[in-house]
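# Notes for the structure review
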Amino acid sequence: MSKPYETKILGAEPDSTAPDGTAVRLLPSLAGGSMAHFELPAGAVSHAVTHRTVEEIWYVLSGRGTLWRRSEESEQTEPIGPGVAVTIPLGVAFQFRAETAAPLVFLAVTMPPWPGMEEAIAVDGPWTPTVEAGRRPP
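Residues numbered from 1 in each chain as written. Predicted model: local features only at pLDDT ≥ 70, side-chain atom pairs only at ≥ 80, totals over all residues. Heavy atoms only, no water.

A few words now on the overall build of the protein chain. Scanning the protein chain from N- to C-terminus turns up zero helices and 11 strands. Secondary structure elements of the protein chain occur, N-terminal to C-terminal, as β-β-β-β-β-β-β-β-β-β-β. For 138 residues, the compact-globule formula gives about 14 Å, and the C-alpha radius of gyration of the protein chain, at 14 Å, lands near that figure. In terms of overall dimensions, the protein chain has a C-alpha envelope of 50 × 35 × 30 Å along the principal axes. By residue count, 38% of the 138 residues in the protein chain fall in the buried class. A separation threshold of at least 6 residues defines the contact pool for the protein chain, and within that pool the share at least 24 residues apart is 71%. Of the roughly 7800 Å² that the protein chain leaves accessible, carbon and sulfur atoms contribute 56%. (Helix = DSSP H or I, 4+ residues; strand = E, 2+ residues; numbered from the N terminus. Rg over C-alpha atoms; globule rule 2.2 N^0.38 Å. Buried < 20%, exposed > 50% of the residue type's maximum accessible area, 1.4 Å probe, protein only. Contact = heavy atoms within 4.5 Å. Areas by Shrake-Rupley, 256 points an atom, 1.4 Å probe, with all protein chains shown as cover.)

This part is about the sheet that holds strand E5 (residues 55-62). In spatial order, the strands read E1-E2-E3-E10-E5-E8; together these six strands make up an open sheet with antiparallel pairing. The sheet is open, and its two borders are formed by strand E1 (16-17) and strand E8 (85-88), each paired with just one other strand. (Pairing = 2+ DSSP bridges.)

What the largest pocket holds in volume is close to 390 Å³. Lining the largest pocket are 28 residues, with Val24, Leu26, Ala36, Phe38 and Trp114 positioned closest to its centre. Sorting the residues of the lining of the largest pocket by element identifies E1, strand E2 (23-30), strand E3 (33-40), strand E4 (49-51), E5 and strand E10 (104-111) as the ones contributing at least two each. The residue inventory of the lining of the largest pocket, partitioned by class, reads 17 nonpolar, seven polar and four charged. (1 Å grid on protein atoms, 1.4 Å probe; cavity = no way out; pocket = protein on both sides within 12 Å on 5 of 7 lines; lining within 4 Å. Points joined across faces, edges and corners; volume = space filled by probe spheres on them. Nonpolar A, V, L, I, M, F, W, Y, C, P; charged D, E, K, R; others polar.)

A separate point is the packing of aromatic side chains. Evaluation of the coordinates by the stated rule reveals six aromatic pairs. Both rings, one in Trp58 and one in Phe94, keep their centres 5.7 Å apart while their planes meet at 80°; by these two values the pair is edge-to-face. Of this pair, Trp58 sits in strand E5 while Phe94 sits in strand E9 (residues 93-98), and the two are 36 residues apart along the sequence. When sorted by exposure, Trp58 lands in the same class as Phe94, which is buried. The structure contains a cluster of three or more aromatic residues connected by ring pairs, namely Phe38, Trp58, Phe94, Phe96 and Phe106. (Phe/Tyr/Trp six-rings, centres within 6.5 Å; stacked < 30°, edge-to-face > 60°.)

Looking now at the environment of Trp127. Along the chain, Trp127 falls in the segment after strand E11 (120-122). When the C-alpha atoms of Trp127 and Gln95 are compared, they prove to be 8.0 Å apart, with 32 residues separating the residues in sequence.

Further remarks concern the nonpolar core. Nonpolar side chains in soluble globular proteins tend to end up buried together. Counting residues in each nonpolar core, the largest one holds 21 residues, and the members touching the most others are Trp58, Leu67, Phe96, Leu104 and Phe106. If we skip the residues at most four places from it in the chain, Leu67 touches Trp58, Gln76, Thr77, Glu78, Ile80, Val86, Ile88, Phe94, Gln95 and Phe96. By size, the runner-up hydrophobic cluster in this structure holds five residues, among which are Val45, Trp68, Ala93 and Trp127. (Core = buried A, V, L, I, M, F, W, Y, C linked by side-chain atoms within 4.5 Å.)

In structure tokens:
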């Protein structure tokens, strides 16, 4: 019998590193979506990626940075910080960077649930990445 509910406390250490290079702490998931906590170090730049099958909604908890998004219809770069929520629709390329004062920390909901590292496809972005992409800790 499966558990009817899931409760999880945010882990002290990351569960893995996302394909874009952020530290990931996994949170609960359901059949329709999954949630995770992401952190990009102060002054760091992620890898630019797009997703094969998922879309995301982010909510920034702390830190400040810049988010770049590109679709076939438009391209946009905008500042992000605490209290800002953004969407990453299916097929949109994105990259982000943290300001030097503090790490950029956000929650993300992925719909459907994140299927694994093969989900992300590397693309060209506006900035040179400064973090290692997509590895699991030893």
